[in-house]
Amino acid sequence: MDWSVWIPNLSHAALETLYMVGVSTLLTVVLGLPLGVLLVITDRNGLKRAPALNQVLGAVVNFARSLPFIILLVVVIPFTRFVVGTSIGSTAAIVPLSLAAIPFFARVAETGLREVDRGLVEAAQAMGCTTWQIIRKVLLPEALPSLILGIALTIINLIGYSAMAGVIGGGGLGDVAVRYGYQRFETAVMVVTVVLLVVVVQGIQILGSKLALKVSKR
Amino acid sequence: MIQISGLSKVFNQSRQTVWALDHVSLHVAPGEIFGVVGPSGAGKSTLIRCVNLLERPTAGEVIVNGQLLTSLPEADLRRARQQIGMIFQHFNLLSSRTVAGNVAFPLEITGYDKRYRQERVEELLDLVGLTEKAHAYPAQLSGGQKQRVGIARALATEPRVLLSDEATSALDPQTTSSILSLLKDLNRRLGLTILLITHEMEVVKQICDHVAILNDGRIVEEGAVHDLIVDPDSRLSQAFFPRGEEVIHTPGTTSAAVTFVGKAADRPVLASLVRRFDIDVNILGGSIQVIGGRRIGRLQIELSGTQVPQALTYLRETGLRVEVK
Ligand SMILES: Nc1ncnc2c1ncn2[C@@H]1O[C@H](COP(=O)(O)OP(=O)(O)OP(=O)(O)O)[C@@H](O)[C@H]1O
Ligand SMILES: [Mg+2]
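Since this is a predicted model, take the numbers as computed values, not measurements.

A.B. asks: Tell me about the environment of Leu38 of chain A, and please be specific about residues and values.
C.D. replies: All names here are of chain A. By secondary structure assignment, the location of Leu38 is in helix H1 (residues 3-41). Looking at Leu38, the relative accessible area reads 33%, which means it is partly exposed. C-alpha of Leu38 to C-alpha of Pro68: the two residues are 30 residues apart in sequence and 25 Å apart in space. Filtering out sequence-adjacent residues up to four positions away, Leu38 remains in contact with Asn54 and Leu57.

Dropping the structure here:
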């Protein structure tokens, strides 16, 4: 066990995880949040009723969520190649990671947005708000604590998924644990990566809860 | 100021259709406080929600500030709503905004600049007596304080009309009283027209000029509070002066309900009655209430003796309402 080799190796893997999870999280929030909002407002009792669209979106989200990640990873390879030009490496892994997390986060966001008191929406309508103003000034700020918790949950999921990214050469901490720790019996490496992952996941959970509590003025 | 004509609202539930409002018409004059009372399920909330079209009426017209709201396209309707304030039973304040932020909300929607908003918020918080709570969050306020914020928010864009949906129903009697005084004060000072719905007779008693009683989606009684209250047959006066159980009628006597209004309530009318005429008076029951700032009393009496008809005429001549049974 030569730590002078392992420390750079591990930090490189950690950076890969950070990169994959970070960019995927960003994409997930940017695309999943509007999807969640759409799911809420196109609903039967929503601000912009569109039952057909609502059902289609709901079906797509459910389909994507029912797909095991390891399968999704392989199925979307052609799409990945089309988007990033290659189907292997950390950047390529971002595509399936985001595709898996977007529908998940959309549902989490939907739930949070639905929890906003209907009375608030009604008061805003009575004041003459447009639908867009209601989304931006009522629904999103009021749901912010749940959205933050949802983002933390999404990041934790993405870290879990990213361990499988090794399949398409994405690298990262999970990949190190599997390749060295499991396949080559480097128990120490396994332990270190697992501890690192646990610490990071715990940290994100705690941070998310703290932040959610801080922005919640209820 | 508010003209409602032939308003109907039908809800189609799974198997039955509910006529929440059945051809309701009413007129709220400028500067008036108009109360709509009625039992639970009468359609009160539906009625007030139809006034700013939160609920689309099935039939009928709503005119507010001279605008036929029921025919406005959506963008114009939004602009019209900015000129109609509304307060709610559960306040409906944004928990993520401070008191000042909540009051500023309608001003942001209307597009006022930041400097004006700040000035106006200060003014409004002063108006409702919450200046020192400007930076508190709704969760840190009492119910009464929350409703004051609701009122400040509703008045931010200087509407001429305020709609109030059970605004005091979640408050204790003392707080209710202070909110009602505030509303009355705003009504007087700003000439604000208020349409309020309530199931509390107390509210009608304290601040309403005009009242409509809604039952099963229909208006069953409507009029000026002081006219209805002196009419012993009106539902309103019966609500304030319940007849109670029928008193056993003593043979050979005449029983009468006497309503005292204003100054008459302070004069010792009965004493002089007994002195002037050859009669006996037996008081069976009665009460005095202050309604709309006026003292109104109702006495249930029994008269016997030789001069009963003269005595009754005398009572009527002194300006009292006398109902003989
Ligand atoms: N969205 C709705 N869908 C179906 N029925 C409704 C709806 N809203 C109200 N109703 C029905 O319309 C009738 C009138 O309801 P409304 O809420 O206006 O009564 P209310 O006088 O405000 O009663 P409360 O004093 O209990 O608030 C009731 O029978 C109610 O069940
Ligand atoms: Mg109601």
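A.B. asks: Now, about the packing of helix H6 (residues 118-126) of chain A against helix H7 (residues 131-162) of chain A: what can you tell me, with residues and values included?
C.D. replies: All names here are of chain A. Where H6 meets H7, the closest approach of the two axes is 11 Å, and the angle between their N-to-C directions is 160°. Between H6 and H7, the angle is such that the two are roughly antiparallel. Classified by chirality, the crossing of H7 by H6 is right-handed. Taking contact as the criterion, the partners of Leu120, Val121, Ala124 and Gln125 in H6 are, on H7, Ile134, Val138, Leu139 and Glu142. Class assignment of the residues belonging to the contact of H6 with H7 gives a composition of six nonpolar, one polar and one charged.

A.B. asks: So what's going on with the sheet that holds strand E9 (residues 210-215) of chain B? Residues and values would help.
C.D. replies: Residues and elements named next belong to chain B. The strand order across the open sheet formed by six strands is E6-E7-E8-E3-E9-E10, and the pairing between neighbours is mixed. Looking at strand neighbours, the two that pair on one side only are strand E6 (84-88) and strand E10 (218-224), the edges of this open sheet. Here the strands of the sheet are splayed against their neighbours by 15° on average, with no regard to which way each runs. Pairing of strand E7 (residues 161-165) with strand E8 (residues 193-198), which is carried by five bridges, proceeds in the parallel orientation. Its bridge partner lying in E8, Val161 is registered against Thr193. Strand contacts of helix H1 (residues 44-51): strand E3 (33-37), E6, E7, E8 and E9, with the helix running at about 155° to E8, the strand carrying the most contacts.

A.B. asks: How would you explain the sheet that holds strand E14 (residues 321-324) of chain B if you had to name every residue and give the values?
C.D. replies: Residue and element names in this part refer to chain B. With antiparallel pairing, the four strands of this open sheet are ordered in space as E12-E13-E11-E14. If you trace the sheet from one side to the other, it starts and ends with strand E12 (279-291) and E14, each paired once. With direction set aside, neighbouring strand axes in the sheet form an average angle of 20°. Relative to strand E13 (residues 294-305), strand E11 (residues 254-261) runs antiparallel, the two being bridged by eight bridges. Paired with Thr254 across the bridge in E13 is Leu303. Across the face of the sheet, helix H11 (residues 308-317) comes into contact with E11, E12, E13 and E14 while running at roughly 145° to E14.

Calculation notes
Residues numbered from 1 in each chain as written. Chains lettered and ligands numbered in written order. Predicted model: local features only at pLDDT ≥ 70, side-chain atom pairs only at ≥ 80, totals over all residues. Heavy atoms only, no water. Helix = DSSP H or I, 4+ residues; strand = E, 2+ residues; numbered from the N terminus. Buried < 20%, exposed > 50% of the residue type's maximum accessible area, 1.4 Å probe, protein only. Contact = heavy atoms within 4.5 Å. Axes fitted to C-alpha atoms, helices over the stretch in contact; angles between N-to-C directions. Parallel < 35°, antiparallel > 145°, perpendicular 65-115°, else oblique. Left-handed = near helix turned anticlockwise from the far one by under 90°. Nonpolar A, V, L, I, M, F, W, Y, C, P; charged D, E, K, R; others polar. Pairing = 2+ DSSP bridges.

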